[in-house]
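Fold and contact review
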Amino acid sequence: MASRVHLLRRRPLVWILLAGLLALLISGCGTGPQSALAPAGPVGMREAGLYNLIFWMAVVVFVLVEGLLLFTALRFRRRTSDGIPSQIHGNTRLEIVWTIIPVLILIVIAVPTITTIASASTIPQGPDVLKVTVIGHQWWWEFRYPDLGIVTADEMHIPVGTKVALTVESADVIHSFWVPRLAGKIQAIPRRQNEMWLQGDEIGEFYGQCYQLCGTSHANMRFRVFVQSKADFDAWVKDQQAVPAPPTDPEAAKGAQIFQSKACVGCHTIAGTNAKGTIGPNLTHFGSRTTIAGAMLEKTDANLAMWLHDPPGVKPGSIMPNLGLTDDEIKALVAYLDSLK
Amino acid sequence: MATAEHAATTHQPDRRRYEGIWSWIFTVDHKKIGVMYGVTAVCFFLIGGIEALLIRSQLMFPNGKVVSPDQFNELFTMHGTTMIFLALMPLSVAFFNIVVPLQIGARDVAFPRLNAFSYWVYLFGGLLLNASYLFGGAPNAGWFGYANLTEVPYNHSSYGIDFWILGLQILGVSSMAGAFNFLVTIINARAPGMTFMRMPLFTWMTLVTSFLLILAFPVITVALVELMFDRLFATNFFNPAAGAEPILWQHLFWLFGHPEVYILILPAMGIISDVLPTFARKPLFGYPVVAYSGVAIAFMSWGVWAHHMFSAGLGPVANAVFSVTTMLIAVPTGIKIFNWIGTLWGGSINFKTPLLFALGFIAMFTIGGLSGVMLASPPADWLENDTYFVVAHIHYVLFGGTIFGLFAGIYYWFPKVTGRLLDERLGQIHFWLMLIGMNVTFAGMHVLGMEGMPRRIATYPPGMGWDTWNFIATIGAFTIAVGMLVFIYNFFASVRHGQVAGPDPWDGRTLEWSIPSPPPPYNFARIPIVRARDPFWVQKYGDAGHGHGRVVPMPVAGGAHDAEEARADEHGEGIHMPDPSYYPIVAALGLAVMLAGVILTNLILGNPPGTQPAWPPSWVAFVGLVVFLYGIYGWALEPVSGHSS
């Protein structure tokens, strides 16, 4: 009998390895730009907090159950001297105990679950709440501020410490909107207006993308959220509401002309011009953005030129076709688009 | 009483006896059909595995260029569809086929020709689904095919979705036919004295799974018919442009989909509920509780479907209700785990490969179950849903759970089917490679998910914190592949040169171990009378386990009146087994061709995908109809051959 238990004691290495593995797994948590475990706002914090509660309870159950399994398997290993073990059929009291204990554990999880559902689902209202409509397209995100008259794409700006009420919709297929560090995700379904709210309590840049398979470039449908100070946000709003003046720089002016004469106007809107298309992103203040092509690329002149040269080549399946632009035309367009601050 | 050699005669009149490959194609013997299911399922498992290796190769590094995004979408769609419908479910059915009649003391299933038909329909459905690769592209909208991405406006560059609809509908016919068969068999064909509470647990789970199959498949059939009508005939069940709600598809799919995952796990739970007692030499602890937990899980599985839709915006009431029902279903599942550990406790555990896989099942399924509880809370789920956290969860329960359970069954029952044991050393190597491989692959995916990596993305940029675990996961995937190579080698080597097993290599507890390995065509020369649970064990050791393991003769139905009659009965003379028949395969072929002829009308007529209306159907449909009608007409009126002497 002694040697059976000894087996376990002689293998502390196994426990150390397992603990090490668990530590390794957990150590990677909360460090990435799209991590759900580094919340920067109250909604995200509450949800991540509930996640952590359940996670650690699961770790305890894991250690107990796996430990019991390992112990049992080793302790009752067959030895040649074994006869037939006692043919025990069951134990009613044990059955009751190991039914009730899981139910109690689940109650501990269920109560905060329901209260968190309630708080996340109660959309704040009133004059202090910023309203944003999020519309998913194949494969970019549109952001509209109905009370501010702003339409933009790829990035959403919100003031710090302010409740933001989002209405999430889709223009084509089902997408899913998620900025992990601020709140949980919700689907963008055509013909539905799904509502959620979030709040950013840290100033900074937060990453998000589409989480529901939506076609060829599902992986390339990303966005950024900028949580700004009240002053910066107000400045941004003012800039976005302004109609850009026609460009004075000759290269940019040439680009404006090319833009108006080519197919661009059929899909894009630039306020103050004849471009009134709504199929593609609104480009009125394109110059002030930090990313392009559904936040797939950083907005650099080189990336923009690469995009204009062959959109489907950069983003497979892109609805923006290859327009066969020459390098000169691209250079001018880049200058024009950069000027749209 | 088991004898080492069985009668050479097949008891069929000459005109209905087939040799070689034809004896397989026209067989109605549940054991042969089960073997065909098993071999075919493992082949599809390997195909699904290759699709997985391609996926993991593409995701090994950021900005991968192994496959294009469209190809990637096809790969994960086919990986999921293949693994679930063409590998895991049919492998379970292989065991239903081979094992259940033997466990209940029956000579075959209730409807042998329907059994053969189910297999051929499955094979043709699986081949048609995979043919999509050759005809312009495989389905690409995920194994769950959410509308309206599957509708023509957003999916018309290939016929892939049409192939997907066709494949699943055909497989649905196969699954339902099989389910009816096993249901009737278990209810009607149990040996005298085998009450429900004396059935082996695997047979119990087969019964419960069959009920689930019969009730769940009509739901997806309806959904697929509606999608088919949208694509072929311009109806608008899921088309938002015409005022429909695409979320309807999600409801229908998951109402099927959640019972489906219990269809996937319950058979494996049944297998290990038989394996653990055998290798611990103790009865299943809490047998009635384990059996009723399975029944409870089956009932409750109908009330949880919307936990797949927590982020679809159903509202706080729906989310809260489904959260509670989902948490509740964890209770019977946990109860089973404790009862399995209770089976091992106080036992005398023999660490053979079936037992290793059974232990692996408990360990891995516990992890998957715990991540399931983490998914049951909607606020936590809003952080986990559609990320690699869910990929980790599903693979812990389906790979660590179902696949480990199925391999336990393969190592356990291979000697019964072939008469030879699989090599034990190679089995252990296979087990450890799979256990280590799957943990290396899927453990880190929990982290990937919480770090925000979405599912179903063809690539990812560097700098997201996802590089390391993706790299490691790919290493793990190839480790699993090596394990599978070891198994395949073991399989072929053991079929030919494996150690001879005899009727009872494991000192088993249930009836299948009381007959020769491989069993004669009629299974039992004399149908046994069952007087207890674990009847064979009781026969060997008595109720309290005090016997010496000598096999004493089993009481049999219709006792012989004298020694000579008893001898004759032992050789199986006078037993009439169902005749082989070619109508099942003919009917299966006709059905598959007919459905293909309707659903693939555009492909056959050379119209672009999504051309509407796809009516009238192509000529292929009418050929298929004729063959199908011939098949069932012949089946219905096929004469039974005369009784043998």
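Residues numbered from 1 in each chain as written. Chains lettered and ligands numbered in written order. Predicted model: local features only at pLDDT ≥ 70, side-chain atom pairs only at ≥ 80, totals over all residues.

1. Side note on the overall build of chain B
Counted only if it meets this: Here a strand is any run of E in DSSP of at least two residues, a helix any run of H or I of at least four, and the numbering for each starts at the N terminus. The atom set for the radius of gyration is the C-alpha atoms, and the globule formula is 2.2 Å times the number of residues raised to the power 0.38. To sort residues by exposure, count the other C-beta atoms lying within 10 Å of each residue's C-beta; 20 or more gives buried, 12 or fewer gives exposed, and values between give partly exposed, all with C-beta atoms placed from the backbone. Whether two residues are in contact depends on their C-beta atoms, placed from the backbone: they are in contact if these lie within 7 Å.
Looking only at helices and strands, chain B has 19 helices and zero strands in total. In summary, chain B has a C-alpha radius of gyration of 25 Å against a globular reference of 26 Å for 645 residues, a match within 12%. With respect to the three principal axes, the spread of C-alpha positions in chain B is 80 × 60 × 45 Å. Burial status across chain B gives 63% buried among its 645 residues. Across chain B, the fraction of contacts at a sequence separation of at least 24, relative to all contacts at a separation of at least 6, is 84%.

2. Observations regarding the overall build of chain A
Of regular secondary structure, chain A possesses 10 helices and 12 strands. Computed over C-alpha atoms, the radius of gyration of chain A comes to 28 Å, more than 25% over the 20 Å expected from 2.2 N^0.38 for 341 residues, which places it beyond the range of a compact globule. Referenced to the eigenvectors of the C-alpha coordinate spread, the extents of chain A come out at roughly 95 × 45 × 35 Å. Within chain A, the fraction of its 341 residues that count as buried is 40%. Intrachain contacts of chain A at a sequence separation of at least 6 include 67% that bridge at least 24 residues.

3. Some thoughts on the domain arrangement of chain A
Residues and elements named next belong to chain A. Here is the rule we go by: Domain delimitation in this document rests on an assignment produced automatically or drawn from a domain database. Ten residue types, Ala, Val, Leu, Ile, Met, Phe, Trp, Tyr, Cys and Pro, are classed as nonpolar, four, Asp, Glu, Lys and Arg, as charged, and the remainder, Gly among them, as polar.
Under the domain assignment, chain A is made up of domain 1 (1–23 + 32–77 + 123–228) and domain 2 (250–339). With centres defined by C-alpha atoms, the gap from domain 1 to domain 2 works out at 33 Å. Opposite the 17 residues of domain 1 that make contact, domain 2 presents 14 residues. Listed by contribution, the elements that provide at least two residues to the side of domain 1 that touches domain 2 are β2 (140–145), β3 (150–153) and β10 (222–228). Grouping the constituent residues of the side of domain 1 that touches domain 2 by class yields six nonpolar, six polar and five charged.

4. Describing the packing of helix α2 (residues 30–58) of chain B against helix α3 (residues 69–103) of chain B
Residue and element names in this part refer to chain B. Our working rule: As a rule, the C-alpha atoms of each element are fitted with a line to give its axis, helices using only the stretch in contact, and angles between N-to-C directions run from 0 to 180 degrees. Convention used here: angles under 35 degrees read as roughly parallel, angles over 145 as roughly antiparallel, angles from 65 to 115 as roughly perpendicular, and any remaining angle as oblique. Left-handed describes a crossing whose near helix is turned anticlockwise from the far helix through less than a right angle; right-handed describes the clockwise counterpart.
Viewed as axis vectors pointing N to C, α2 and α3 meet at an angle of 155 degrees, and their least axial separation amounts to 7 Å. On the basis of the axis angle, α2 is roughly antiparallel to α3. You can see that α2 and α3 cross each other, and the crossing is left-handed. By residue class, the composition of the contact of α2 with α3 is 22 nonpolar, nine polar and two charged.

5. Digging into the confidence of the model for chain B
Residue and element names in this part refer to chain B. Inclusion rule: A residue's pLDDT is the predictor's confidence in that residue, given on a scale from 0 to 100.
The predicted model of chain B has a mean per-residue pLDDT of 93, with 92% of residues at 70 or higher. Per-residue pLDDT stays below 50 along residues 1–15; that stretch engages in 27 contacts with residues further than four places along the chain or on separate chains. With pLDDT under 50 throughout, residues 560–566 is counted as low confidence; its partners more than four residues away or in other chains account for three contacts. For this predicted complex, the interface confidence comes out at an ipTM of 0.94, alongside a pTM of 0.94.

6. Notes on unusual backbone geometry
In this chain, B:Ala147 is followed by B:Asn148 through a cis amide linkage whose omega measures 5 degrees. Along the polypeptide, B:Asn148 turns up in the loop between α4 (112–131) and α5 (160–188). Of note in this structure, A:Ala293 is not a glycine but carries a positive phi near 55 degrees. Tracing the backbone through its elements, the reader meets A:Ala293 in the loop between β11 (291–292) and β12 (297–298). Even without being glycine, B:Ala234 reaches a positive phi, approximately 60 degrees. Note on B:Ala234: 15 C-beta atoms within 10 Å, which makes it partly exposed.

7. Things to note about the confidence of the model for chain A
Considering every residue of chain A, the mean pLDDT works out to 93; 95% of them sit at 70 or more. When the criterion is pLDDT under 50, residues 1–8 of chain A qualifies, and its contacts beyond four places in sequence or with other chains add up to seven contacts.

8. Considering the pairing of strand β1 (residues 130–137) of chain A
A regular strand carries its side chains on alternate faces of the sheet. Residue and element names in this part refer to chain A. Rules: Two strands are said to pair when DSSP picks up at least two bridges between them.
Among the eight residues of β1, six are classified as buried, and the element is accordingly described as predominantly covered. As paired strands, β1 and strand β5 (residues 164–170) are joined by seven bridges and run parallel to one another. Opposite Lys-131, over in β5, you have Ala-165 as the bridge partner. Bridge count between β1 and β2: five bridges; the pairing is antiparallel. Each residue of the ladder has a partner; that of Thr-133, found in β2, is Arg-144. Where β1 hands over to β2, the hairpin turn is made up of two residues, counted between the paired strands.

9. Quick notes on the interface of chain A and chain B
Listed by partner, the interface residues are 77 residues for chain A and 82 residues for chain B. Elements with a contribution of two residues or more to the side of chain A that touches chain B: α3 (42–75), α4 (92–121) and β7 (186–188) of chain A. In terms of residues, the side of chain A that touches chain B owes the most to one element, α4(A), which gives 16 residues. Split by residue class, the side of chain A that touches chain B holds 43 nonpolar, 24 polar and 10 charged.

10. Looking at the environment of A:Pro311
Within the secondary structure, A:Pro311 is located in helix α9 (residues 311–314). Setting aside residues no more than four positions away along its own chain, A:Pro311 makes contact with A:Ser318, A:Met320, A:Pro321 and A:Asn322.

11. A few points about the sheet that holds strand β6 (residues 175–178) of chain A
Residues and elements named next belong to chain A. As summarised here, the arrangement of the five strands in space is β4-β10-β9-β6-β7, forming an open sheet in which the pairing is mixed. Strand pairing shows two members of the sheet lacking a second neighbour, β4 (155–159) and β7, which therefore form its edges. Direction aside, the axes of adjacent strands within the sheet are offset by 25 degrees on average. Taken together, the six bridges between strand β9 (residues 204–210) and β10 define a ladder with antiparallel strand orientation. Its bridge partner lying in β10, Gly-208 is registered against Phe-223. Its contacts with the sheet place helix α5 (residues 230–241) against β4 and β10, and it is angled at close to 135 degrees to β4.

12. So, the nonpolar core
For clarity, the threshold we go by: In this usage, the nonpolar core is the set of buried Ala, Val, Leu, Ile, Met, Phe, Trp, Tyr and Cys residues whose C-beta atoms join them within 7 Å.
Counting 303 residues, the largest nonpolar core has B:Val121, B:Ile272, B:Ala358, B:Phe361, B:Ala408 and B:Ala592 as the members making the most contacts within it. Per-element accounting of this core gives the leading share, 21 residues, to helix α12 (residues 388–418) of chain B. Both domains that meet at this core, namely domain 1 (1–23 + 32–77 + 123–228) and domain 2 (250–339) of chain A, each give it at least three residues. For B:Ala358, the contacting residues outside a window of four places in its chain are B:Ile272, B:Val275, B:Leu276 and B:Ala408.

13. Regarding the pairing of β6(A)
All names here are of chain A. Residues His-175 and Phe-177 line one face of β6 and the alternating positions Ser-176 and Trp-178 line the opposite face, and both faces are buried. Bridge analysis of β6 against β9 gives two bridges, and the strand direction is antiparallel. Looking across to β9, one finds that Phe-177 is bridged to Cys-210.

14. Examining the sheet that holds β1(A)
Pairing between the strands of a sheet is mediated by backbone hydrogen bonds and can be parallel or antiparallel. Residues and elements named next belong to chain A. Reading across from one edge, β3-β2-β1-β5-β8 is the order of the five strands in this open sheet, with mixed pairing throughout. Each end of this open sheet is capped by a strand with a single partner; those strands are β3 and β8 (194–198). This sheet shows a mean twist of 25 degrees between the axes of neighbouring strands, independent of strand direction.

15. Brief notes about the environment of B:Gly483
Following the sequence through the fold, B:Gly483 ends up in helix α14 (residues 467–497). Along the chain, B:Gly483 and B:Gly437 lie 46 residues apart, while their C-alpha atoms are 8.2 Å from each other.

16. Let's talk about the packing of α3(A) against helix α9 (residues 316–344) of chain B
Two quantities define a packed helix pair, namely the angle between the axes and the distance from one axis to the other. Interaxial distance between α3(A) and α9(B) falls to 9 Å at its minimum, and their mutual angle equals 20 degrees. By the angle between their directions, the pair α3(A) and α9(B) is classed as roughly parallel. Where α3(A) crosses over α9(B), the two elements pack in a sense that is left-handed. Here A:Val65, A:Leu68, A:Leu69, A:Thr72 and A:Ala73 of α3(A) lie close against α9(B), whose contacting residues are B:Ile337, B:Ile341 and B:Leu344. Of the residues assigned to the contact of α3(A) with α9(B), the class counts are seven nonpolar, one polar and no charged.

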